[in-house]
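Analysis of the macromolecular model
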Amino acid sequence: MAEQAVTAQSEDFSRWYNEIVYRADLAAPSPVRGCVIIKPYGYEIWEGIKAGLDRRFKATGHQNAYFPLFIPESYIRREAEHVEGFSPELAVVTHAGGKELEEPLVVRPTSETVIGEAFSDWIQSYRDLPLLINQWANVVRWELRTRPFLRTAEFLWQEGHTAHATHDEAEAETRQMLDIYAEFAEEDAAIPVIKGEKSRMERFAGALRTYTIEAMMRDKRALQSGTSHNLGQNFAKAFDIDYLSENNAQEYCWTTSWGLSTRMVGAVVMTHGDDKGLRLPPKLAPYQVVIVPIIRRDAQASAVMETVERLRAELAAAGIRVHVDRREGQSPGFKFNDWEMRGVPVRLEIGPKDVENDNAVLARRDIPGRAGKQFVPQARISDTVRELLADIQRSLLDEARAFRDEHIVDVAGYAQLQEVIEAGDWARAAWAGGDAHEQNIKDETGATIRCFPFEQPDQVGNCIVTGNSADKVALFAKAY
RNA sequence: CGGGGCGUGGCGCAGUCCGGUAGCGCGCGCGGUUUGGGUCCGCGAGGUCCUCGGUUCAAAUCCGGGCGCCCCGACCA
């Protein structure tokens, strides 16, 4: 048996990641540095993410719209912190139509500015509020070091932009959207996340407060998987987003923005994947079930295929995404390994013996080897599969949560934090330090404050660097 | 931007030191064989050897210029 599997995760995680992204057909290299081609199998995962989020956005009163890819350069400059945060990574169009443009156009790194400009026109009175808009779009940030899905020069995402009459309403919106991200991550992607607030240093350029969901990958590094910003009145003031209140007074709006990107595809890969490849959560898997026919040329091939087709139709009718692997050149063993690498949650084998006995072999991807294999009756196959899929969805989340919780350590002092970070774990520590302290920790350990979790202990204790009494704990980790 | 490396069929590489027929594995096509955990055999298609110039009877190979990419250090969904 020629073992031509991917590099083991345990051996070299980042190599494993790169290999699996290409081998599982999620993406392909692109001619442009820092960009990737998202292939159909990877794109379908993204479509699953889109569907899960879009449904939740609509359910909370948001509408989709689309704003231009190009932003006049002057817009970007209007919000002081925003320019500073984004200028190093902007791609700028200076020529078009064979001529130099009068004003260069920035390829959007995010759309607060153009959308803010539009909002200032759309909003006249308090009756126009709240304004709840989302767009699905591509954005460009000229990053130096890129990795497929995790950080690419161009990526796909959704960015929500809303305007409200009061700070509290904007804050409620910001938190609501973070909750939606967390719910989506756990329920659909089976990724447990920690909700919290970003430190001043990690805050979005131009925001009052930034909230985040942080997830732990299988190499124990943190991945910021979605963010929600309360922009205060910063953009409202820069773009004149104001309204006439009930008292006939001109007031600035309070705005928010929130985004989740194709990085989530990377999160799915790195949260659930194992040495054999991907393990996709059933709710996002392009194929939830793959049927592998076991056919002997000389024997009852047609009987096997008849059974396969009957079961396929039954599963499809039950709303299960099912695919029959009809490839003729490959042996069943090859197909088993191939689909395992590609993370299909359930494999259904049908061979001559199964036709004879009216049963089928079901193998679940999350439990490798014989332990995950069972003989089941063909009768009521869709119920059996549906239950199995639900169980896989649940156990992937449970497994990921147990793994994460095992690797978060409460630390009492800086020395212990260093040890914990050195070991690759996350450290939870009382914090009352400033930017300089935070920067220092980053320089010395490589870890950053991922967030101040919403969930705080009853007793916080003294800050691990200043020794002063602290009112909150922070979560430290090395991050992507 | 600083340090290291690499450009040779679709992918991964050898060949370069020592100039002389462009090769291997995977993949791809065809035929057969096999199929319940990565079958095997045969035949075949596919390459301006990154680029421009120089040396030479002769350059993937030697010399010079350019371009591109990858890896490691400061920013980021």
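To start, this report covers the structure provided alongside it. None of these values were measured; they are calculated from a predicted model.

We now examine helix α10 (residues 332-341). For α10, the complete set of buried residues consists of K335, F336, D338, W339, E340 and M341. For α10, the secondary structure elements touched by its buried residues are α1 (13-23), β15 (289-293), β16 (322-324) and β17 (346-350). Backbone geometry just downstream of α10 places G343 in the positive-phi region, at approximately 80 degrees.

Right, let's talk about the side chain of S225 for a bit. Locating S225 in the fold gives a position in strand β11 (residues 222-230). Engagement of the side chain of S225 in a polar contact is seen with the backbone oxygen of L223, the distance being 2.9 Å. Not counting the four nearest positions on each side in its chain, S225 is found in contact with I213, A215, L260 and M264.

This paragraph deals with the environment of K472. Within the element layout of this structure, K472 appears in the loop between β22 (448-453) and β23 (473-477). In the structure, K472 is positioned 43 residues away from A429 in sequence and 8.4 Å away in space, judged by C-alpha atoms. Not counting chain neighbours up to four residues away, the residues in contact with K472 comprise A429, A430, W431, F452, Q456 and V460.

A few words now on the protein's contact with RNA strand B. Taken together, 37 residues are adjacent to RNA strand B, and L144, R151, S331, E340 and D354 come closest. Sugar and phosphate atoms constitute 41% of the interface atoms of RNA strand B, taking the interface as everything within 4 Å of the protein. The separation between a base nitrogen of RNA strand B and a polar side-chain atom of S261 is 2.8 Å. K276 places a side-chain nitrogen or oxygen 3.1 Å from a base nitrogen of RNA strand B. Only β11, α10, β17 and α11 (352-357) provide two or more residues apiece to the surface near RNA strand B.

We now examine the sheet that holds strand β9 (residues 194-197). Ordered by their spatial adjacency, eleven strands build an open sheet running β3-β7-β8-β14-β11-β10-β9-β22-β23-β21-β20, and the pairing between neighbours is mixed. If you trace the sheet from one side to the other, it starts and ends with β3 (63-64) and β20 (408-410), each paired once. Two elements, strand β8 (residues 154-164) and strand β14 (residues 254-261), share eight bridges in a ladder whose sense is antiparallel. Each bridged residue has a counterpart across the sheet, and for H164 the counterpart in β14 is W254. The sheet strands contacting helix α5 (residues 112-122) are β7 (131-140), β8 and β14, and the helix crosses β8 at an angle near 30 degrees. Its contacts with the sheet put helix α13 (residues 414-422) on β20, β21 (426-430) and β23, and the angle it makes with β21 is roughly 160 degrees.

The subject of this paragraph is the nonpolar core. Grouped together as the largest cluster of nonpolar side chains are 52 residues, with contacts concentrated most on I20, L26 and I49. In terms of residue count, the dominant contributor to this core is helix α6 (residues 167-187) (seven residues). There are two domains that each give this core at least three residues, and those are domain 1 (13-272) and domain 2 (289-388). Leave out the neighbours within four places in its chain, and I20 touches V6, D25, V269, G277, L278 and M341. Counting residues in hydrophobic clusters, the runner-up holds 29 residues, among them V83, F86, L90 and I115.

Of the voids in this model, the largest pocket is the one considered here, and its volume is about 1500 Å³. Contributing to the lining of the largest pocket are 47 residues, with E89, R141, E143, E202 and Q224 lying nearest its centre. Mapped onto the lining of the largest pocket, the elements with two or more residues apiece are α4 (80-86), β8, β11, β14, α14 (435-445) and β22. When the residues that make up the lining of the largest pocket are grouped by side-chain class, the tally is 15 nonpolar, 17 polar and 15 charged. Per-domain counts for the lining of the largest pocket show at least three residues from each of domain 1 (13-272) and domain 3 (408-477).

Summed over the entire model, instances satisfying the criterion amount to 14 aromatic pairs. Linked through ring pairs, W46, F57, W136 and W258 together constitute an aromatic cluster. Sitting over the face of the ring of Y480, R221 holds its NZ or CZ atom 4.5 Å from the ring centroid. Lying across the ring of F452, K472 places its NZ or CZ 4.6 Å from the centre.

A word on the environment of G434. With respect to the secondary-structure elements, G434 resides in the loop between β21 and α14. Taking the C-alpha atoms as reference points, G434 and V6, 428 residues apart in sequence, are found 44 Å from one another.

A word on the pairing of β21. Taking burial as the measure, the five residues of β21 include four buried ones, the bulk of the element. Since β20 and β21 lie parallel, the crossover through α13 that links them has a hand, and here it is right-handed. Sheet analysis places β21 next to β23, joined by four bridges and oriented antiparallel. Residue pairing across strands places A429 opposite A474, the latter belonging to β23.

Our focus in this paragraph is the pattern of salt bridges. A complete count under the given rule lists 35 salt bridges for this structure. K335 serves as the salt-bridge partner of D325, at 3.8 Å between the closest nitrogen and oxygen. Residue D325 is located in the loop between β16 and α10, and its partner K335 is located in helix α10; the two are separated by ten residues in the primary sequence. Residue D325 is classed as buried on the basis of its relative accessible area, which comes to 2%. The class for K335 is buried, based on a relative accessible area of 4%. By sharing partners, the salt bridges in this structure join K276, E340, R347, E349 and K373 into a single network.

Calculation notes
- Residues numbered from 1 in each chain as written.
- Chains lettered and ligands numbered in written order.
- Predicted model: local features only at pLDDT ≥ 70, side-chain atom pairs only at ≥ 80, totals over all residues.
- Heavy atoms only, no water.
- Buried < 20%, exposed > 50% of the residue type's maximum accessible area, 1.4 Å probe, protein only.
- Helix = DSSP H or I, 4+ residues; strand = E, 2+ residues; numbered from the N terminus.
- Contact = heavy atoms within 4.5 Å.
- Polar contact = N/O pair within 3.5 Å; in protein donor to acceptor, adjacent residues only side chain to side chain.
- Near = heavy atom within 4 Å.
- Pairing = 2+ DSSP bridges.
- Axes fitted to C-alpha atoms, helices over the stretch in contact; angles between N-to-C directions.
- Core = buried A, V, L, I, M, F, W, Y, C linked by side-chain atoms within 4.5 Å.
- Domains from an automatic or database assignment.
- 1 Å grid on protein atoms, 1.4 Å probe; cavity = no way out; pocket = protein on both sides within 12 Å on 5 of 7 lines; lining within 4 Å.
- Points joined across faces, edges and corners; volume = space filled by probe spheres on them.
- Nonpolar A, V, L, I, M, F, W, Y, C, P; charged D, E, K, R; others polar.
- Phe/Tyr/Trp six-rings, centres within 6.5 Å; stacked < 30°, edge-to-face > 60°.
- Lys NZ or Arg CZ within 6 Å of the ring centre and 35° of its normal.
- Right-handed = clockwise from strand over helix to strand, strands pointing away.
- Salt bridge = Lys/Arg side-chain N within 4 Å of Asp/Glu carboxyl O.

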